[in-house]
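Working through the structure, step by step
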Amino acid sequence: PGLTNGFYPERPYSKTGWLQSAAASVGLLTHPANIRRREYSKIIAAIHHYGQPLKKLDDLALAVNAADMRSRLHHQGLTRELAIQAFALVRETAGRTVGMRHFDTQLMGGWVMVHGGLAEMETGEGKTLTATLAAATAAMTGVPVHIVTVNDYLVSRDAELMGPVYQALGLTVGAVTAE
């Protein structure tokens, strides 16, 4: 996404063939959730790996890293490797700016969201923090991002609470309420 490929990327349509559907219906294929679980553990391990060097950077060096990440995402698009690196950057930035580091379950939720899926989370599991991963990563590519929440109080609270994360990454934050 971005200037090179357009601002609103579309996912290619993929249809499962009749053979795969038939095999899945009789249990001959591995359940997709098991495959996803293994894939998520690899992604989380990679995010932790890329996050280690970021911990050693001072705030200025982290800001330079964020500018470089925005440039790479804007020009190369949302590749798997860049998304993993961006998640590590957002995680480290959140830890420094708002004192909250993403847990592994939040990393998985963010990964689901950045790939266009829905991540269901219980009250208190950190949906607001989780959203920073997908929103900041997508915004750094140059795609306009909107986070929608249920009421004006939450809009204002979440924009104020997570605004420092986005701003440290070189992004802007606004809140639209009924007023």
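In case you missed it, the structure is sitting above this.
Residues numbered from 1 in each chain as written. Predicted model: local features only at pLDDT ≥ 70, side-chain atom pairs only at ≥ 80, totals over all residues. Heavy atoms only, no water.

As for the overall build of the protein chain
- Helix and strand counts for the protein chain come out as seven helices and zero strands.
- Helices and strands appear in the protein chain in the N-to-C order α-α-α-α-α-α-α.
- Counting only residues that meet the buried cut, the protein chain has 33% of its 179 residues in that class.
- Long-range pairs, those at least 24 residues apart, make up 68% of the contacts in the protein chain with a sequence separation of at least 6.
- When the accessible surface of the protein chain is split by element, carbon and sulfur atoms take 57% of a total near 11300 Å². (Helix = DSSP H or I, 4+ residues; strand = E, 2+ residues; numbered from the N terminus. Buried < 20%, exposed > 50% of the residue type's maximum accessible area, 1.4 Å probe, protein only. Contact = heavy atoms within 4.5 Å. Areas by Shrake-Rupley, 256 points an atom, 1.4 Å probe, with all protein chains shown as cover.)

Details of the environment of A88
- Within the secondary structure, A88 sits in helix α4 (residues 80–97).
- As for A88 and A46, which are separated by 42 residues in sequence, their C-alpha atoms are 8.7 Å apart.
- Apart from residues no more than four positions distant in its own chain, A88 is found in contact with I47, Y50, G51 and L54.

Quick look at the side chain of Q106
- Along the polypeptide, Q106 turns up in helix α5 (residues 104–114).
- Residue classification places Q106 among the buried positions, given a relative accessible area of 4%.
- In this structure Q106 touches R101, M121, E125, G126, L129, T130 and L133, once residues within four positions along its chain are discounted.

Focus on the layout of surface pockets
- Quantified by volume, the second largest pocket comes out at close to 220 Å³.
- The element contributing the most residues to the lining of the second largest pocket is α5, with four residues.
- Considering only residue class, the lining of the second largest pocket consists of six nonpolar, two polar and two charged. (1 Å grid on protein atoms, 1.4 Å probe; cavity = no way out; pocket = protein on both sides within 12 Å on 5 of 7 lines; lining within 4 Å. Points joined across faces, edges and corners; volume = space filled by probe spheres on them. Nonpolar A, V, L, I, M, F, W, Y, C, P; charged D, E, K, R; others polar.)

Side note on the packing of aromatic side chains
- Following the criterion strictly, the structure yields one aromatic pair and no others.
- Summarising the aromatic geometry, the rings of F87 and W111 are spaced 5.4 Å apart at their centres and angled 75 degrees between planes, so their arrangement reads as edge-to-face. Taken as a pair, F87 in helix α4 and W111 in helix α5 lie far apart in primary sequence, 24 residues in all. Exposure class is identical for F87 and W111. Each is buried. (Phe/Tyr/Trp six-rings, centres within 6.5 Å; stacked < 30°, edge-to-face > 60°.)

Things to note about the packing of α4 against helix α7 (residues 152–168)
- Remark: α4 packs on α7, axes separated minimally by 9 Å, with the N-to-C direction vectors making an angle of 125 degrees. Considering their axes alone, α4 and α7 lie oblique with respect to each other. Viewed along their axes, α4 and α7 form a crossing whose handedness is right-handed. Residues V90, T93, A94 and T97 of α4 pack against P164, V165 and A168 of α7.
- In the contact of α4 with α7, the residues fall into five nonpolar, two polar and no charged. (Axes fitted to C-alpha atoms, helices over the stretch in contact; angles between N-to-C directions. Parallel < 35°, antiparallel > 145°, perpendicular 65-115°, else oblique. Left-handed = near helix turned anticlockwise from the far one by under 90°.)

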